[in-house]
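Residue-level structure breakdown
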Amino acid sequence: MQDLNLSDYLVLAAAGMFVLGYLIINQVILRTMLLIGTVLYIWYYAVVDETPLWPAIWASTATGTANLIGLFSLFYRRSTWAIPRKYRDIYVHFDLLPPGDFRKLMSATNRTTRPAGYQLTTAGSRVNTLYYVIDGEVGVEKFGNRFRIPDGVFIGEVAYLTSNRASATTYLLSESDVLEWEIAMLKQRATRDPRFRLAMDAMISIDLAEKVARAGSPEKTDAEEISTVEHLAETRALNVLDA
């Protein structure tokens, strides 16, 4: 067998990096392996012959640059720098989402302050807006009963998911800071952008699970059951975001 020289080792190592990269699901590691492989290929093209293979070098440089830009984009999406300054104070309510996905959600919302008594939904009526109440309690009237739910909740999420009419009348009990999404626009955006849809579904899943947990009576819902419901919601949300 002929002895291997430097160029042989380089092309084998580069191919090895690409093979390992394609076997890895994690995008950051995958892109890093491909980037290393690209650098090795460029080195190989530079030394394999007396004259560097410039067309191959420039082609590999272009693909490596594109990969590097994608890698930086992944880091940025996971960095708090991706969070718009206007919404940094409320990221704590959505911290299950990576900052980049949170940014997508906020790009489609309108943050505003609504007065006490502002009606969010009316029982039997079509719901056109999805709300997230950042602060202030929400009054609910349903089947002749009145009760209140704390802040940090979505209002209108069932209508968003099912297109059904509102099953309850809801209103703000005090002046509140709220996020508003037009449901028609949300559905259009979700159709065009699967990542946006997954992020929205993840947050609504957790919100619904927490509402179910709070709705249980003390005799029927203990702390362990609430923890189980919340854990299942978080697991579903994480699975959605990893899809």
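Presented here is an overview of the structure given in this document. Just so it is clear, the structure is predicted and the values come from calculations on it, not from any experiment.

On to the sheet that holds strand 3 (residues 129–133), then. On the basis of which strands lie adjacent, the open sheet formed by 4 strands has the order 1-8-3-6 and antiparallel pairing. Strands at the two margins of the open sheet, each flanked by one partner only, are strand 1 (110–114) and strand 6 (153–155). Between one strand axis and the next, the sheet turns through 30 degrees on average, direction left out of account. One ladder, built from 5 bridges, connects strand 1 with strand 8 (residues 176–182); its direction is antiparallel. Bridging from a neighbouring strand, Asn110 pairs with Glu180 of strand 8. Taken strand by strand, helix 6 (residues 183–192) contacts strand 3 and strand 8, and its axis lies near 60 degrees from that of strand 8.

Under the defined criterion, the tally for this structure stands at 7 salt bridges. The partner of Lys104 in a salt bridge is Asp193, and the shortest N-O contact between them spans 2.9 Å. Remark: Asp193 occurs in the loop between helix 6 and helix 7 (194–215) and Lys104 occurs in helix 4 (residues 99–107); sequence separation between them is 89 residues. Relative accessible area serves as the criterion here: at 16%, Asp193 is assigned to the buried category. Note that Asp201 and Arg197 form a salt bridge whose closest N and O atoms lie 3.8 Å from each other. Of this pair, Asp201 and Arg197 both sit in helix 7, 4 residues apart, which is roughly one turn of the helix. Accessibility expressed as a relative area gives 34% for Arg197, which makes it partly exposed. Connected via shared salt-bridge partners are Asp89, Arg111 and Asp177.

Within the span of helix 6, buried status applies to Ile183, Leu186, Arg189 and Ala190. Down the axis of helix 6, the sector holding all buried residues measures 120 degrees, keeping them to one side. Those residues of helix 6 that are exposed and aimed more than 90 degrees away from the buried face are Ala184, Thr191 and Arg192.

What follows covers the sheet that holds strand 2 (residues 119–121). Taking strand neighbours across the sheet as the criterion, the 4 strands line up as 2-7-4-5 in an open arrangement whose pairing is antiparallel. The open sheet has two free edges, formed respectively by strand 2 and strand 5 (145–149), since each of these has just one partner strand. On average, each strand axis in the sheet is tilted by 25 degrees relative to the strand beside it, whichever way the strands run. Both strand 4 (residues 138–142) and strand 7 (residues 169–172) contribute to a ladder of 4 bridges, which runs antiparallel. Each bridged residue has a counterpart across the sheet, and for Gly139 the counterpart in strand 7 is Tyr171.

Calculation criteria
- In this numbering scheme, every chain counts its residues from 1 along its sequence in written order.
- Whole-chain, interface and lining totals are the exception, using all residues; otherwise, since this is a predicted model, local features are given only for residues with pLDDT of at least 70 and side-chain atom pairs are given and counted only at 80 or more.
- Side-chain numbers here rest on the full set of heavy atoms in the structure, without hydrogens or water.
- Note on pairing: DSSP must find at least two bridges between two strands before they are called paired.
- A run of H or I in DSSP becomes a helix once it reaches four residues, and a run of E becomes a strand once it reaches two; helices and strands are each numbered from the N terminus.
- Working convention: axes come from line fits to C-alpha atoms, limited for helices to the stretch in contact. Angles between N-to-C directions cover 0 to 180 degrees.
- The contact criterion used is simple: two residues touch if any of their non-hydrogen atoms lie within 4.5 Å.
- The term salt bridge refers to a pairing of a side-chain nitrogen on Lys or Arg with a carboxyl oxygen on Asp or Glu at a separation within 4 Å.
- Here's how the labels work: a residue is buried when its accessible area is under 20% of the maximum for its type, exposed when over 50%, partly exposed in between, all with a 1.4 Å probe on protein chains only.
- By definition, the arc is the one covered by directions from the helix axis to the C-beta atoms.

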